[in-house]
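Topology and contacts: notes
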Amino acid sequence: MIKGGFKGKILRVNLTSGEIRVEDLKEDWAKKFIGGRGYGTKIIYDEVDPTIDPLSEKNKVIIATGPLGGTLAPSSGRTMVITKGPLTGTIACSNAGGHFGPALKHAGFDLVIIEGKAKEPVYLWIYKGITELRPAQDIWGKSTDESDKILREKTHPLAETMEIGPAGEKQSLLANVMFNGHRAAGRTGVGAVLGSKNFKGIAVRGNQEVKVAEPEEFREAVSKTREILSKDAFSGGGAAMLGTAMLVNVLNSIGAFPIKNSQDAYFPEAEKISGETLRERNLIRNEACAECPIGCGRVTVIKEGKYKGAQGGGPEYESVWSLGAMCGISDLDAVLMANYLCDKYGMDTISAGVTVACAMELYEKGYLPQEDAPFPLTFGSGEALVETIKLMGEQKEKLGKLLAQGSYRLAEYYKHPELSMSVKKQEFPAYDPRGVKGIGLQFATSNRGACHVRGYTIAAEVLSGAVDRLKYEGKAELVKTFQDLTAALDSTGICLFTTFGLGGGDIALLLSTATGFQVGEKEFMQIGERIWNLERLFNLKAGFSRKDDTLPPRILKEPIKSGPSKGEIEELDKMLADYYKVRGWDNDGVPGEGKLKELELMVD
Amino acid sequence: MRIKVKAFATLREVLGKEREVELKEGALLKELLSPLYLPSEGVEAIIDSQSGEIKPAILILKNGRNIRFLDGLLTKLEDGDELIIFPPSGGG
Ligand code: SF4
């Protein structure tokens, strides 16, 4: 019997038959994989054939919280979406903040499994023991913020919602899943999988309490961790002041801030799109997810010019970079507008921006012919950015349809796939590996394609400066540690940003006292390693291998042209073999029998 | 020699956005980070008055390189250097 944290119930929704079943959470799985990303990955691994087409009826989508969701643990509002990702073809897990996860727990469930395919658009309503699939015909086609509003009108004004937008409905590979219309499970194209199933979203409300195993000890762990977070200069103040966009000036100052599709890594106009400028010009208020003392979210408005009056959530650091610097754009209003549009369509801002940047380079080099471009796609043009995002979101004209498939398929169509800044077909986030060596190894080995939040080595390589960003030594261990820690953390239901203040031991303590499992820091890290290896096994079965653990040729061969990291390239070979060794994998990146035994992954 | 000092985020309030400081040839970073050249609240925000060391998680870059991987407070400054100071940062 699980003593606390978990609700112990899973909702399985079969869209083909319309049947909804309640199942018990398996205690032995919860002990081995916790909840969230870990438990969800285990379900996908066991139930989904890794070789299927991700947009076919056979794929499944898991929406999961962890045992800390819905409790008083700090920053415990996360929700994970796990599936076989259509952008990459790998296992995919994308997560979002907000309040949805806790609401699902309050309604009595740890996770929801969506399988099959509905004949007509539907949504799911979960409320006080009622779970029902309802028609969503009249919401289909609506933007994510409108969908959120309508879902609440149709169900309960205080319901928490999850929805896809037009991008997901049209199965764009850049489609995300939004929560309450503005918190995004952004990456890997998870929204397209729901779209392929005719599944619009979920509204949920509940009032059940989440019990913890050791209430006294848990309360102590909560106040200890909250105190650490409020004393820490970043989580206790800086984050709320500038949001994640504070990183614009940091990354640019070290010359690892990619611009113009990574043709260079220093942006002389960075200040114009920085967190500092955003605060001065556009910030309306801060926002925090459930139980979060950090409060990094923002709501902004455009105060002048042709987009005057538009407002929305964000933008995050990643988005001001992808829609701004990566496209050579310093017009902050255009960046904000593009960001709001992406949210409305339900499109990942990182991949969308990097895809626009790729299109701009293809256009400027003459590979994307004028007749395919409805207007000039020039670097630096805010107007071209906004119009291109509209084409992409609405899949208008030939170019719009190509853009909606992401940069790799776009560049491949125009015969220059090397101009896609992606790994495993997923676009880069806002860090140039040539100027921060370890993050390149992380991009190359990430189980869901290029990604920073699978192993945020930036914390050590740049922010705390614990290790030298330009050295290769020790980076394999560093990457592994961050990857394992994050995999475990993503399975608890709390936010990655807590790790700027908390260590694995603090989080293990929250977990142990909530669930009654005896998990110390070492066991916690091992759970993360187990999840990482299970994800790897799925990808190997899906056909991925060592050759896919790489970076675009530009990053490996073209030196950065200007700024503080001028002259640098990324020598991935100096780290990759080491990384496999540290992981206990063979030269081809396959986990050895010894490692699988050690991690108790041999049962199947 | 002239050194440019830039500050970001919360440190702008105490150090100003950007300033140029005139120093004697061969000066070390330690000398620059004193009330002689910078507002005293700014110095307090970055240097631990007890130990005289840089406060944890304060990021100081000389021409884009973290001074921890140069010679720390004993890093030699040169004419035209750009010094950038960040308060503890995070995000992702
Ligand atoms: S740190 Fe930011 S993203 Fe994380 S839970 Fe808090 S407000 Fe949400």
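Residues numbered from 1 in each chain as written. Chains lettered and ligands numbered in written order. Predicted model: local features only at pLDDT ≥ 70, side-chain atom pairs only at ≥ 80, totals over all residues. Heavy atoms only, no water.

For chain A, the helix and strand inventory stands at 24 helices and 17 strands. The C-alpha atoms of chain A give 22 Å as radius of gyration, which agrees with the globular expectation for 604 residues (25 Å, within 12%). Each principal axis of the C-alpha atoms in chain A carries an extent, and together these give about 65 × 55 × 45 Å. A burial count over chain A gives 66% of its 604 residues as buried. (Helix = DSSP H or I, 4+ residues; strand = E, 2+ residues; numbered from the N terminus. Rg over C-alpha atoms; globule rule 2.2 N^0.38 Å. Buried < 20%, exposed > 50% of the residue type's maximum accessible area, 1.4 Å probe, protein only.)

Residue and element names in this part refer to chain A. Around the ligand sit Ser75, Arg78, Arg183, Ala288, Cys289, Cys292, Ile294, Gly295, Cys296, Cys495 and Phe497, and that is every residue in its neighbourhood. The residue inventory of the shell around the ligand, partitioned by class, reads seven nonpolar, two polar and two charged. Each of domain 1 (9–205) and domain 2 (245–426) contributes no fewer than three residues to the shell around the ligand. (Near = heavy atom within 4 Å. Nonpolar A, V, L, I, M, F, W, Y, C, P; charged D, E, K, R; others polar. Domains from an automatic or database assignment.)

The subject of this paragraph is the packing of helix H19 (residues 475–489) of chain A against helix H23 (residues 573–583) of chain A. Residue and element names in this part refer to chain A. The N-to-C vectors of H19 and H23 enclose an angle of 50°; their axes lie 8 Å apart at closest approach. Taken together, the axes of H19 and H23 are oblique relative to one another. For H19 against H23, the interelement crossing comes out right-handed. Between H19 and H23, the residues in contact are Lys475, Ala476, Glu477, Val479, Lys480, Gln483 and Asp484 and Met575, Asp578, Tyr579, Val582 and Arg583, respectively. Its residues assigned to classes, the contact of H19 with H23 shows five nonpolar, one polar and six charged. (Axes fitted to C-alpha atoms, helices over the stretch in contact; angles between N-to-C directions. Parallel < 35°, antiparallel > 145°, perpendicular 65-115°, else oblique. Left-handed = near helix turned anticlockwise from the far one by under 90°. Contact = heavy atoms within 4.5 Å.)

Take the interface of chain A and chain B next. On the side of chain B, 22 residues touch chain A, which itself brings 30 residues to the contact. Overall, the association of chain A and chain B removes approximately 2100 Å² of surface from exposure, summing both partners, and the carbon and sulfur fraction of that is 61%. Counting every contact that joins chain A to chain B gives two salt bridges. In this structure, Arg12 of chain B and Glu271 of chain A form a salt bridge, with 2.9 Å as the shortest nitrogen-oxygen distance. Applying the counting criterion to the chain A and chain B interface returns five residue pairs in polar contact (both at pLDDT 80 or more). Examining the composition of the side of chain A that touches chain B, we find that four residues originate from one element, helix H9 (residues 247–253) of chain A, more than from any other. Counted by class, the side of chain A that touches chain B contains 19 nonpolar, six polar and five charged residues. (Buried area = accessible area lost by both parts, 1.4 Å probe. Salt bridge = Lys/Arg side-chain N within 4 Å of Asp/Glu carboxyl O. Polar contact = N/O pair within 3.5 Å; in protein donor to acceptor, adjacent residues only side chain to side chain.)

Let us look at unusual backbone geometry. Residue and element names in this part refer to chain A. With an omega of 0°, the peptide bond running from Gly314 to Pro315 counts as cis. Of note, Pro315 is situated in the loop between strand S15 (311–313) and helix H11 (317–323). Despite not being glycine, Glu291 has its phi angle at roughly 60°, a positive value. Mapped onto the fold, Glu291 is located in the loop between strand S13 (283–287) and strand S14 (297–301). Unusually for a residue other than glycine, Glu397 sits at a positive phi of about 60°. Mapped onto the fold, Glu397 is located in helix H15 (residues 397–403). For Glu397, a relative accessible area of 49% puts it in the partly exposed group.

Residue and element names in this part refer to chain B. One open sheet holds the five strands; their spatial order is S2-S1-S5-S3-S4, and the pairing between them is mixed. The open sheet has two edge strands, strand S2 (18–22) and strand S4 (65–66), and neither has a second partner. Bridging between strand S1 (residues 2–7) and strand S5 (residues 82–86) involves four bridges; their strand directions are parallel. The residue of S5 that forms the bridge with Val5 is Leu83. (Pairing = 2+ DSSP bridges.)

The next point concerns the sheet that holds S14 of chain A. Residue and element names in this part refer to chain A. Strand order in the open sheet formed by three strands is S13-S14-S15, and the pairing between neighbours is antiparallel. Only two strands of the sheet have a single partner each, and these edge strands are S13 and S15. Strand-to-strand, the axes of this sheet are offset by a mean angle of 15°, without reference to chain direction. In this structure, S14 lies alongside S15, joined through three bridges in antiparallel fashion. Counted as the bridge partner of Thr300 is Gly312 from S15. The sheet strands contacting helix H12 (residues 332–345) are S14 and S15, and the helix crosses S15 at an angle near 65°.

Moving on, we get to the pairing of strand S6 (residues 111–115) of chain A. As a general feature of sheets, a regular strand has side chains that alternate between the two faces. All names here are of chain A. S6 sits mainly inside the fold: five of its five residues count as buried. The two faces of S6 match: Leu111, Ile113 and Glu115 on one face and Val112 and Ile114 on the other face are all buried. As judged from the four bridges shared by strand S3 (residues 61–64) and S6, these two strands associate in the antiparallel manner. By the bridge assignment for S6, Val61 is matched with Ile114.

All names here are of chain A. Ranked by internal contacts, the top residues of the largest apolar core, which has 168 residues, are Phe257 and Ile389. Those residues in contact with Ile389 that lie beyond four places of it in its chain are Leu323, Ala338, Leu341, Cys342, Tyr345, Met347, Ala352 and Val356. Formed by 29 residues, the second largest nonpolar core is a distinct cluster that contains Ile63, Val112, Val193 and Phe199. (Core = buried A, V, L, I, M, F, W, Y, C linked by side-chain atoms within 4.5 Å.)

All names here are of chain A. Split by domain assignment, chain A resolves into domain 1 (9–205), domain 2 (245–426) and domain 3 (436–598). Placing the centre of domain 1 and that of domain 3 at their C-alpha centroids yields a distance of 26 Å. With 37 residues of domain 1 at the contact, the number on the domain 3 side is 34 residues. In total, about 3100 Å² of surface goes out of reach between domain 1 and domain 3, with carbon and sulfur atoms giving 68% of it. For domain 1, the biggest contributors to the area lost against domain 3 are Arg37, Tyr45 and Leu68; these three give 25% of the whole. At the boundary of domain 1 and domain 3, one finds two salt bridges. Linking Glu535 and Arg37 is a salt bridge whose minimum nitrogen-to-oxygen distance equals 2.8 Å.

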